[in-house]
Amino acid sequence: MSEGENSGDKTLTVAPTKTLHLKQRPVEHGMVRQSFSHGRSKVVVVEKVKRRAPGHAETAKPAAAPAPAAAPATPSKAEPKSEAQRPAPASRSGPGVVLRALTDEEREARARALVDAKSREEEDRRRAEIEAKARAERDERERAERAAADSRKREEEDRLAREAESKRKSEEEARRRLPPEAAGLTPPRAAPAPAAPRPAVARPAGEAEQPRRPPVRQIGGFAPPTPPRPAPSRGGEMKNRGRLTVTTATSEEGEERTRSVASFKRRQQRLFRGQAEQKEKIAREVTLPETITIQELANRMSERGVDVIRLLMKQGEMRKITDVIDADTAQLVAEEMGHTVKRVAESDVEEGLFDAPDVETELESRPPVVTIMGHVDHGKTSLLDAIRHANVVAGEAGGITQHIGAYQVTSPSGLPITFIDTPGHAAFTAMRARGARVTDIVVLVVAADDGVMPQTIEAINHARAAHVPLIVAINKIDKPDAKPERVRTELLQHEVQVESMGGETLEVEVSAKQNTNLDRLLEAIALQAEVLDLKANPGRAAEGTVIEARLDKGRGPVATVLVQRGTLRVGDIAVAGAQWGRVRALLDDQGVSRQEAGPSFPVEILGFNGTPEAGDRVAVVESEARAREITEYRERQRRDKLAARGGSARGSLSDMMSQLKTAGRKEFPLVIKGDVQGSVEAIAAALEKLGTDEVGARVVHAGVGGISESDISLAEASNAAVIGFNVRAHKEARDAAERSGIEIRYYNIIYNLVDDVKAAMSGLLAPTLRETMLGNATILEVFDISKVGKVAGCRVTDGNVERGANVRLIRDNVVVHEGKLSTLKRFKDEVKEVAAGQECGMAFENYQDMRAGDVIECYRVEEIKRTL
């Protein structure tokens, strides 16, 4: 059999030293190491059979021959291939097996497999190390627990041994001490017959035990020392069955009897059963407000709520744990339960919040706070802009100031001065009053060409009410028609006497447009501040006043605060009115962030949980709990005031009369949203002044921020108009307003807002009726016409008579009927009008009682629209 005769895939070959085998397809051999847990591994041989390519059989045939001599026997198809195209002969791994060379891809695959195997082996090794470490820790922990359990067991055994030893010693001591008494008791049990009468009298208990253990006493009766050893097995059964008695204790001297732990625990439970462990009563000082819930009272006393309710039930009051009781009842309960009571008023939560006295040695000089006041359009903001080198006027709608602003300026002498700019419009009275309250000096700006005006007089009154010195700044002296002397003379009428006229009030002629004498004005302010000797303690907790507040879309509630005492820092917990919050950021008038603000420094505070009211006092407290307590109390006070203002059924007689007067009053409901709290306050005050006895504006809701969907819902429910001042509506609010048909009006000037509301309120007024006399007619004769009724034949004596006009029927100078003229005929024709001197026929609507000689007055009623 030769190799050349069979050239198929499977060639039968005979090796010199090997057995006959079939040649398979090319196979790749590889070694792979398998890793197992606990560091074990195993090497296995992996064979990979490759699918033969179409031209691979012819190429591999010469290499498969056993010897070079067999090459000519191959088919002629493989002969044209050159030597360069033929693969190099593979080295023999053994007789009869030919291995081919590995390709680059196969070598890379093997290298990758080796790398993966090494990484898996390394990972398994690490995992095995971690498991071994955890197992060692677990074994160590178990050993420690077993050692602890063994030690506890040894201690228990030692304790039981000590108890048994002490019990044995006590029994021996008792046995030594009892022989005289036991001599009369034991012989009757031990003696056979001579002492028979004694046992029945001396040991009745023995007689009770006699039927249960007759053999023990019979055996023990032979000799007194031997009674304890009747029968060991019997004694063991008795020990396991019964409880410890004197007989069993003395009858088992050779055996040690111990008590189990469970028996000891049961004995302890029997001893202490029914004896509740009494806790030590702690008497506490309970702080009681004016009203308190039962749950809160129990918590403050550290008692159970059911105990408090039980005590109230004994006093005849059926209460739930959520019921509110007054301070007197709470005091009775607390004292009954052994506690002391400290009564406080609800307003005590604000005690010590403001105006704590300062030590004189800690006071330092502070910058003055100057408020600029005056009539509208007298140049207040322009003057401040000239001092600050800014342009605030350009940012105000309509060229008038509608916001209150606080700024700090450094004077030429280096003294910082805080300025507060107030609006001059009549609607902003509350803003001006706030500015006067927090200020040290008031600069009264009066235009030289306009003189003293109503808001100028109001500013003078505000300054007097706040006991603040005045500095008069006569502005616009650069105008041709400026008359400063006229201003000085008009100020005398209001008891303001300037220095040039022999008074004490400082005066400076300035021009904000030309920057004239601004340095003199700053010097006058510095001189007045030096006279006042302004000081404050910067080391204490901060106090201040909210100058303005608004709701910023990106930053939340923002409050402009003037710090008056102490130093305000980022992170402090501040309380302002019914709002509180942790100070997240402090911004000065230039928008620069600061870490702290000292006395007389204006800053914007970010961090309040709500928008405070303008004019609220600000204080820094030590904890969030105190802040919540104060704000909750103020919120309750505000709700109570609103509820009281809402109208109570039981009022005074004057309240009832005023309610009767306003019962028929028409209301114009409004929902007002503004950019800052001061503007909303000014708008509400201005609209309230528009009201009369017949019609009035009712502000359903006034708030700061954009117009939201809830505002539209409120307006829809109350049939109110929505007004936005320097704010816009959200997209959802606009969609809701379109669906509901509610109009949203936007304004940025308060004049226009007030005028539009005034015109709308005027439309609610009932028009005035005015009569215009047309003419008179006299009834000559009354005709009764079928299908028509009575018709009066009349002659027009004065003026004209018109069909459809109003008429009065006068008989003997008394008006007997008022109505309308339904028919007016001349001859047989219907006419619209009949002139004086002509005769006509008249018929009235729904009236037939006409007589000859009656006078008919004809008149027209005109409706005249009223305005506020």
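Colleague: Got a minute to help me understand the overall build of the chain in this structure?
Modeller: Broken down by element type, the chain carries 23 helices and 40 strands. The burial tally for the chain puts 36% of its 868 residues in the buried class. As presented, the chain carries roughly 52200 Å² of accessible surface, and 51% of it is formed by carbon and sulfur atoms.

Colleague: Would you mind going over the pattern of salt bridges with me for this structure?
Modeller: For the coordinates displayed, the defined rule picks out 52 salt bridges. Between Arg366 and Asp440 there is a salt bridge; the shortest N-O distance is 2.8 Å. With Arg366 in the loop between strand S11 (364-365) and strand S12 (369-374) and Asp440 in the loop between helix H14 (429-437) and strand S15 (441-447), this pair connects stretches of sequence that are 74 residues apart. Here the two residues Arg366 and Asp440 agree in accessibility, since each one is buried. A salt bridge links Glu635 to Arg639; the shortest N-O distance between them is 4.0 Å.

Colleague: Would you mind going over unusual backbone geometry with me for this structure?
Modeller: Apart from glycine, the bulk of residues carry a negative phi angle, and the bulk of peptide bonds sit in the trans form. Phi at Lys476 takes a positive value of approximately 60°, unusual for a residue other than glycine. Relative to the helices and strands, Lys476 is located in the loop between strand S16 (470-475) and helix H16 (484-492). Positive phi outside glycine occurs at Ser600, with the angle close to 65°. Residue position: Ser600 is located in the loop between strand S25 (596-597) and strand S26 (601-608).

Colleague: Teacher, can you tell me more about the packing of helix H10 (residues 294-301) against helix H11 (residues 305-314) here?
Modeller: A packed helix pair is summarised by two numbers, namely the angle formed by the two axes and the spacing between the axes. Where H10 meets H11, the axes come as close as 9 Å, and the angle between the chain directions of the two elements is 115°. Note that H10 runs across H11; the crossing there is right-handed. Along the contact surface, H10 presents Ile294, Leu297, Ala298 and Met301, while H11 presents Gly305, Val308, Ile309 and Leu312. Counted by class, the contact of H10 with H11 contains 7 nonpolar, 1 polar and no charged residues.

Colleague: For this particular structure, what's the right way to read the side chain of Ser708?
Modeller: Residue placement: Ser708 occurs in the loop between strand S29 (695-704) and helix H21 (709-718). Taking the relative accessible area as the measure of exposure, Ser708 reaches 18% and is therefore buried. Filtering out sequence-adjacent residues up to four positions away, Ser708 remains in contact with His730 and Ala733.

Colleague: Can you help me understand a nonpolar patch on the surface in this one?
Modeller: Side chains of Met31, Val43 and Val45 sit close together on the surface and give an oily, nonpolar patch of about 290 Å² of accessible area. On the secondary structure map, Val43 appears in strand S4 (residues 41-49). Overall, the relative accessible area of 42% leaves Val43 in the partly exposed class.

Colleague: What exactly am I supposed to notice about the sheet that holds S29 here?
Modeller: Hydrogen bonds along the backbone pair up the strands of a sheet, which may run parallel or antiparallel. The parallel open sheet is built from 4 strands, whose spatial order is S29-S28-S30-S31. Two strands close off the open sheet at either side, each with one partner strand: S29 and strand S31 (744-747). This sheet shows a mean twist of 25° between the axes of neighbouring strands, independent of strand direction.

Colleague: What is the right way to read helix H17 (residues 518-532) from this model?
Modeller: Helical geometry: 3.6 residues make up each α-helical turn, so side chains three or four residues apart lie on a common side. The end-to-end C-alpha separation of H17 is 21 Å, in line with the 21 Å expected for 15 residues at 1.5 Å each. Within H17 the residues assigned to the buried category are Leu518, Leu521, Leu522, Ala524, Ile525, Ala526, Gln528 and Ala529. On its buried side, H17 packs onto S12, helix H13 (380-388), strand S14 (416-421), S15, S16 and strand S17 (506-509). Where H17 ends, the next residue or the one after it, Asp533, has phi of about 55°, a positive value.

Colleague: So what exactly am I meant to see when it comes to the nonpolar core here?
Modeller: Considering soluble globular proteins, one finds that nonpolar side chains tend to be buried as a cluster. By size, the foremost hydrophobic cluster in this structure holds 26 residues, and its most contacted members are Leu383, Ile387, Phe419, Val443, Leu521 and Ile525. Broken down by secondary-structure element, the contributors of at least two residues to this core are S12, H13, strand S13 (405-410), S14, S15, S16, S17 and H17. A per-element tally of this core places H17 first, with 6 residues. When near neighbours in sequence (up to four residues on either side) are disregarded, Val443 contacts Val370, Thr371, Ile372, Met373, Ile471, Ala473, Leu521 and Ile525.

Colleague: In this structure, what is going on with the pairing of strand S20 (residues 556-565)? I would like to understand it.
Modeller: Side-chain positions along a regular strand alternate between the two faces of the sheet. The element S20 is extensively covered by neighbouring structure, given that 9 of its 10 residues are classed as buried. As paired strands, strand S19 (residues 543-552) and S20 are joined by 9 bridges and run antiparallel to one another. Pairing of Leu551 across the sheet is with Pro557, part of S20. Relative to S26, S20 is paired through 6 bridges, and the arrangement is antiparallel. Paired with Val563 across the bridge in S26 is Phe601.

Colleague: Explanation requested: the sheet that holds S17 in the structure shown.
Modeller: Spatially, the 6 strands line up as an open sheet ordered S13-S14-S12-S15-S16-S17, and their pairing is mixed. Each edge of the open sheet carries a strand with a single partner, namely S13 and S17. Averaged over all pairs of adjacent strands, the angle between their axes in this sheet comes to 25°, without regard to strand direction. Sheet analysis places S12 next to S14, joined by 4 bridges and oriented parallel. Looking across to S14, one finds that Thr371 is bridged to Ile420. The strands that H13 touches are S12, S13, S14, S15 and S16; relative to S14, the one it contacts most, it runs at about 155°.

Colleague: How do you make sense of the environment of Gly610 when you look at a structure like this?
Modeller: Residue placement: Gly610 occurs in the loop between S26 and strand S27 (617-621). According to the relative accessible area criterion, Gly610 is buried, its value standing at 12%. Once the C-alpha coordinates of Gly610 and Ala549 are considered, the two residues, 61 residues apart in sequence, prove to be 9.9 Å apart. Apart from residues no more than four positions distant in its own chain, Gly610 is found in contact with Pro557 and Gln579.

Colleague: Any chance you could explain the confidence of the model for the chain here in plain terms?
Modeller: Detailed reading of predicted coordinates is not advised where the pLDDT is low. Of the residues in the chain, 74% reach a pLDDT of 70 or more, and the chain-wide mean stands at 77. Between residues 1-10, whose pLDDT stays under 50, and residues either more than four places distant or in other chains, the model counts 13 contacts. Taken together, the stretch residues 647-651 has pLDDT below 50 and engages in 2 contacts with residues farther than four places along the chain or on a different chain.

Colleague: Help me out: how do you make sense of the packing of aromatic side chains in this one?
Modeller: One pass over the full model with this rule turns up 0 aromatic pairs. When the ring centre of Tyr746 is taken as origin, the NZ or CZ atom of Arg728, which lies over that ring, is 4.5 Å away. Taking NZ or CZ as reference, Arg808 lies 4.2 Å from the ring centre of Tyr859, over its face.

Colleague: Where do I start with a positive patch on the surface in this structure?
Modeller: There is a patch of like positive charges on the surface, built from Arg259, Arg266, Arg267 and Arg270. Within the fold, Arg259 resides in the loop between helix H8 (246-251) and helix H9 (261-272). When its relative accessible area of 31% is taken as the criterion, Arg259 is described as partly exposed.

Colleague: What is the right way to read the environment of Ser500 from this model?
Modeller: As for its placement among the helices and strands, Ser500 is situated in the loop between H16 and S17. When the C-alpha positions of Ser500 and Glu485 are compared, they lie 10.0 Å apart, and in sequence the two are 15 residues distant. Those residues in contact with Ser500 that sit more than four places away from it in its chain are Arg488 and Glu507. Separated by 3.2 Å, the side chains of Ser500 and Arg488 make a polar contact.

Colleague: Could you clarify how one ought to interpret the pairing of S16 in this entry?
Modeller: The buried count for S16 comes to 6 of 6 residues, which makes it a mostly enclosed element. Neither face of S16 is exposed, since Leu470, Val472 and Ile474 on one face and Ile471, Ala473 and Asn475 on the opposite face are all buried. Here 6 bridges tie S15 to S16, and the two strands are oriented parallel to one another. Bridge pairing links Val445 to Ala473 in S16. Taking the sense of rotation as the criterion, the β-α-β connection linking S15, helix H15 (residues 454-465) and S16 turns out right-handed. Crossover S16 to S17 through H16 is right-handed.

Here is what the cut-offs are and how they apply
Residues numbered from 1 in each chain as written. Predicted model: local features only at pLDDT ≥ 70, side-chain atom pairs only at ≥ 80, totals over all residues. Heavy atoms only, no water. Helix = DSSP H or I, 4+ residues; strand = E, 2+ residues; numbered from the N terminus. Buried < 20%, exposed > 50% of the residue type's maximum accessible area, 1.4 Å probe, protein only. Areas by Shrake-Rupley, 256 points an atom, 1.4 Å probe, with all protein chains shown as cover. Salt bridge = Lys/Arg side-chain N within 4 Å of Asp/Glu carboxyl O. Axes fitted to C-alpha atoms, helices over the stretch in contact; angles between N-to-C directions. Left-handed = near helix turned anticlockwise from the far one by under 90°. Contact = heavy atoms within 4.5 Å. Nonpolar A, V, L, I, M, F, W, Y, C, P; charged D, E, K, R; others polar. Patch = residues over 30% accessible without salt bridge, like charges linked within 9 Å, V, L, I, M, F, W, Y side chains within 5 Å. Pairing = 2+ DSSP bridges. Expected span 1.5 Å × (residues − 1). Core = buried A, V, L, I, M, F, W, Y, C linked by side-chain atoms within 4.5 Å. pLDDT = per-residue confidence, 0-100. Phe/Tyr/Trp six-rings, centres within 6.5 Å; stacked < 30°, edge-to-face > 60°. Lys NZ or Arg CZ within 6 Å of the ring centre and 35° of its normal. Lys, Arg positive; Asp, Glu negative; His and termini not counted. Charge placed at Lys NZ, Arg CZ, Asp CG, Glu CD. Polar contact = N/O pair within 3.5 Å; in protein donor to acceptor, adjacent residues only side chain to side chain. Right-handed = clockwise from strand over helix to strand, strands pointing away.

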